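Notes for the structure review
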Amino acid sequence: MSFHFLIKAYYNVGVLMKMTSLRSFSVALVLAALVLTYCPEAVTVAAADDVILPPPVTEGGLGLFSALKKRSSAAGGDFSIAEVTLEELSTVLWAASGLNRSQTGWTVPMAEGLEPYVRIYVAGPDGVFRYHWADHRLEQISEVNIKADIADQAFVRKAYYCLIFTSDKEVTAKLKLGQKWDDDFIQVLTGAMTQDIYLAAAALNLGTRYIHSLKTEAIKQALKLGPDDYPVALMMLGK
Ligand SMILES: Cc1cc2nc3c(=O)[nH]c(=O)nc-3n(C[C@H](O)[C@H](O)[C@H](O)COP(=O)(O)O)c2cc1C
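Residues numbered from 1 in each chain as written. Predicted model: local features only at pLDDT ≥ 70, side-chain atom pairs only at ≥ 80, totals over all residues.

**Brief notes about the overall build of the protein**
Helices and strands together make up the secondary structure of the protein, namely seven helices and seven strands. Here the protein, with 239 residues, has 36% of them falling under the buried criterion. Within the protein, contacts between residues separated by at least 24 positions form 72% of all contacts whose residues are at least 6 apart in sequence. (Helix = DSSP H or I, 4+ residues; strand = E, 2+ residues; numbered from the N terminus. Buried ≥ 20, exposed ≤ 12 C-beta atoms within 10 Å, placed from the backbone. Contact = placed C-beta atoms within 7 Å.)

This is how it looks when you write it as structure tokens:
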């Protein structure tokens, strides 16, 4: 067992490590081994240039039915260009595919209860980041502002952030059903994630808009996607 492995285990059972007795410590180690075995995606260590997101807002706010009444797409033409805070971004990302119960419970439903097989990338003024739901972290992919090059409509660049949704075929490869419906499942999940973003944006007074007319090849290159993966949609996010 490598030192790196041990560090990862420690990272993921940080809360459990607060237990003080030897017996509790052993339980924590067993749980860490289970997490490592059955949910390896949940096991990650932040790199120095990663952005550890502040905790999302998960209580209070607008009631669900008020958010449903308020949900709408902000007009692209006069989309607000104001800065979205890191806490607001954190809450929106959590709403889209964050953990809401355990290490295997998310805000959106997934086929066979698999971990999210749609990734979210955040394109902002300071570059591109990949969202890691397991430790609610942004991994920097590049320092380039790509917002002007990823969609057909020029107004997309105005958004402070563009959230880009892509397939994750490494995850759908785990489907017991095989690959028969994996592209359908990816579309369905993108729909669930983006609707959660519409509702979270309504609650946070942010503007958002679903965009399907993407520059697919440009996005694939900018995000360094694997040959089997592709962008599905993006959502503009502004204030
Ligand atoms: C599947 C889908 C694709 C869309 N593609 C685009 C798009 O490429 N560009 C755009 O400006 N809006 C796009 N939209 C946003 C719709 O135009 C918008 O939801 C619609 O006008 C209804 O407005 P509302 O969301 O305020 O109810 C898309 C919405 C959906 C659901």
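So that's the structure; there's more coming.
**Notes on the sheet that holds strand 4 (residues 137-142)**
Read from one edge to the other, the open sheet built from seven strands follows the order 1-4-3-2-5-7-6, with strand pairing classed as antiparallel. With one partner strand each, in any of the chains shown, strand 1 (51-52) and strand 6 (207-211) form the two edges of the open sheet. Summarising the sheet, strand 6 and strand 7 (residues 231-238) pair through five bridges and their orientation is antiparallel. When the sheet's bridge partners are listed, Tyr-210 is paired in strand 7 with Met-235. (Pairing = 2+ DSSP bridges.)

**Side note on the site of the ligand**
Surrounding the ligand, one finds Ser-72, Ser-73, Gly-76, Gln-153, Arg-209, Tyr-210, Ile-211, His-212 and Ser-213. Looking at the shell around the ligand residue by residue, the classes come out as two nonpolar, six polar and one charged. (Near = placed C-beta within 6 Å. Nonpolar A, V, L, I, M, F, W, Y, C, P; charged D, E, K, R; others polar.)

**Observations regarding unusual backbone geometry**
Among all residues except glycine, the phi angle is most often negative; among peptide bonds, the trans geometry is most common. In the Ramachandran plot, His-136 falls in the positive-phi region, its phi being about 50° despite a non-glycine side chain. One can find His-136 in the loop between strand 3 (127-132) and strand 4. Exposure remark for His-136: the 17 C-beta atoms within 10 Å place this residue in the partly exposed category. Phi is positive for Lys-224, close to 55°, though the residue is something other than glycine. Following the sequence through the fold, Lys-224 ends up in the loop between helix 7 (216-223) and strand 7. Looking at Lys-224, the number of C-beta atoms within 10 Å reads 11, which means it is exposed.

**Quick look at the packing of helix 4 (residues 86-97) against helix 6 (residues 182-204)**
Where helix 4 contacts helix 6, the axes come no closer than 8 Å and their chain directions differ by 145°. Relative to helix 6, helix 4 is oriented so that their crossing is right-handed. Of the residues in helix 6, those touching helix 4 at Glu-88, Thr-91, Val-92, Ala-95, Ala-96 and Ser-97 are Met-193, Asp-196, Ile-197, Ala-200, Ala-201 and Leu-204. Partitioning the contact of helix 4 with helix 6 into residue classes produces eight nonpolar, two polar and two charged. (Axes fitted to C-alpha atoms, helices over the stretch in contact; angles between N-to-C directions. Left-handed = near helix turned anticlockwise from the far one by under 90°.)

**A few points about helix 4**
For helix 4, with twelve residues, the first-to-last C-alpha span of 16 Å sits near the 16 Å given by 1.5 Å per residue. Inspection of helix 4 places Glu-88, Leu-89, Ser-90, Thr-91, Val-92, Leu-93, Trp-94, Ala-95, Ala-96 and Ser-97 among the buried residues, and these make up the whole buried set. (Expected span 1.5 Å × (residues − 1).)

**Things to note about the nonpolar core**
Nonpolar side chains tend toward joint burial in soluble globular proteins. Counting 57 residues, the largest nonpolar core has Leu-163, Leu-234 and Leu-237 as its most contacted members. Counting residues per element, the ones that place at least two in this core are helix 4, strand 2 (118-124), strand 3, strand 5 (161-167), helix 6, helix 7 and strand 7. With eleven residues, the single largest contributor to this core is helix 6. Filtering out sequence-adjacent residues up to four positions away, Leu-163 remains in contact with Ile-120, Val-122, Ile-197, Leu-234, Met-235 and Leu-237. (Core = buried A, V, L, I, M, F, W, Y, C linked by C-beta atoms within 7 Å.)

**As for the pairing of strand 4**
As paired strands, strand 1 and strand 4 are joined by two bridges and run antiparallel to one another. Within the sheet, the bridge partner assigned to Ile-52 lies in strand 4 and is Arg-137. In the sheet, strand 3 pairs with strand 4 via five bridges, with the strands oriented antiparallel. Counterpart to Val-128 in the pairing with strand 4 is Ser-142. Hairpin connection, strand 3 to strand 4: the antiparallel pair is bridged by four residues, and His-136 has positive phi, about 50°.

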